[in-house]
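Per-entry structural report
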Amino acid sequence: LGVVDDVFRVNAWVKLAVQILAALVAVSQGIKIEHINLAGTYVNFGAWSSVITVLWIVGLTNAVNFIDGLDGLACGVSAISSTVLLLVTLIIGEPGFVLITAILAGACMGFLPFNSNPAKIFMGDTGALFLGYALSIIAVSGVYKTHMILSFMIPIAVFGFPLLDTLFAIIRRVIRGKSPFAPDRGHLHHRLIDMGFGQKQSVRILYAISGILGISAIMLTQENLHKSAFMIIVALVVFLINY
């Protein structure tokens, strides 16, 4: 889908349909958010698990694609996210996912020098959709299925920046009577540019926010809830002030 869209510009609703189909392929292979551990209480989703999983996969796939608006931003945030997931899977003991996330983190870091401003190579939808899809599935299989207290908060913290930016973008566009897929200059990286920051400055600010959220995710893995909550609140305050 990414390759075809980069060449021919596929209609947004067709892209969404293909993304849902791709998510359903993952669900058919047992990739499901069947329950979450909420402070020691298990919340089972039952028949809704497939729907919730599809929403998660499609949402994060598009979230990574939506932030691909500045040189190196989507690649750098994906590198930070995959590195955090690597550390999380190491801590919780998921050797299979340690290998996958290490490969993904290495690929992002190897590509980043060529994608940073001024970019020599652009990832396009080909790269952004793949990264979002891969990261979303690793999060479901490697983290959501663990039995840690508040395990569901770890992926949300890891991907807090792209998820919140995408959520705000959808709400903003719907309120204005536009399609949720209609492009605009309301994304956080656009706002930073409009405030007078350069491309490199804006990207570094967003890297910092992703890093803070990533540290919070690692603390949550160790069940250090008070410090994690404090880090997440600080990161969200910085995010909202910038926004």
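Residues numbered from 1 in each chain as written. Predicted model: local features only at pLDDT ≥ 70, side-chain atom pairs only at ≥ 80, totals over all residues. Heavy atoms only, no water.

Quick word on the packing of aromatic side chains
In this structure the tally under the stated criterion is one aromatic pair. The positively charged end of Arg 173 is found above the aromatic ring belonging to Phe 66, 5.4 Å away from the centroid. (Phe/Tyr/Trp six-rings, centres within 6.5 Å; stacked < 30°, edge-to-face > 60°. Lys NZ or Arg CZ within 6 Å of the ring centre and 35° of its normal.)

Observations regarding the nonpolar core
Trp 56, Leu 73, Phe 159 and Phe 161 are the most contacted members of the largest nonpolar core, which has 54 residues in total. For this core, the element with the highest residue contribution is helix H6 (residues 124–144), accounting for nine residues. Residue contacts for Phe 159: discarding those within four places in its chain leaves Trp 56, Leu 60, Ser 81, Leu 85, Leu 135 and Ala 139. (Core = buried A, V, L, I, M, F, W, Y, C linked by side-chain atoms within 4.5 Å. Buried < 20%, exposed > 50% of the residue type's maximum accessible area, 1.4 Å probe, protein only. Helix = DSSP H or I, 4+ residues; strand = E, 2+ residues; numbered from the N terminus. Contact = heavy atoms within 4.5 Å.)

Details of a nonpolar patch on the surface
Together, Val 3, Val 4, Val 7 and Phe 8 make up a nonpolar patch on the protein surface, roughly 410 Å² of accessible area in all. Note on placement: Val 4 falls in helix H1 (residues 2–8). (Patch = residues over 30% accessible without salt bridge, like charges linked within 9 Å, V, L, I, M, F, W, Y side chains within 5 Å. Areas by Shrake-Rupley, 256 points an atom, 1.4 Å probe, with all protein chains shown as cover. Salt bridge = Lys/Arg side-chain N within 4 Å of Asp/Glu carboxyl O.)

Considering the environment of Val 7
Residue placement: Val 7 occurs in helix H1. Note: C-alpha distance between Val 7 and Asp 125 (118 residues apart in sequence) is 9.9 Å.

Digging into the packing of helix H4 (residues 73–92) against helix H5 (residues 95–115)
A pair of packed helices is captured by two measures, namely the crossing angle of their axes and the spacing between those axes. Running from N to C, H4 and H5 cross one another at 155 degrees; their axes reach a closest spacing of 8 Å. The pairing of H4 with H5 is recorded here as roughly antiparallel in orientation. Relative to H5, the crossing made by H4 is left-handed. Along the contact surface, H4 presents Cys 75, Gly 76, Ser 78, Ala 79, Ser 82, Thr 83, Leu 85, Leu 86, Thr 89 and Leu 90, while H5 presents Phe 97, Val 98, Thr 101, Ala 102, Leu 104, Ala 105, Cys 108, Met 109, Phe 111, Leu 112 and Asn 115. Along the lines of polarity and charge, the residues of the contact of H4 with H5 split into 14 nonpolar, seven polar and no charged. (Axes fitted to C-alpha atoms, helices over the stretch in contact; angles between N-to-C directions. Parallel < 35°, antiparallel > 145°, perpendicular 65-115°, else oblique. Left-handed = near helix turned anticlockwise from the far one by under 90°. Nonpolar A, V, L, I, M, F, W, Y, C, P; charged D, E, K, R; others polar.)

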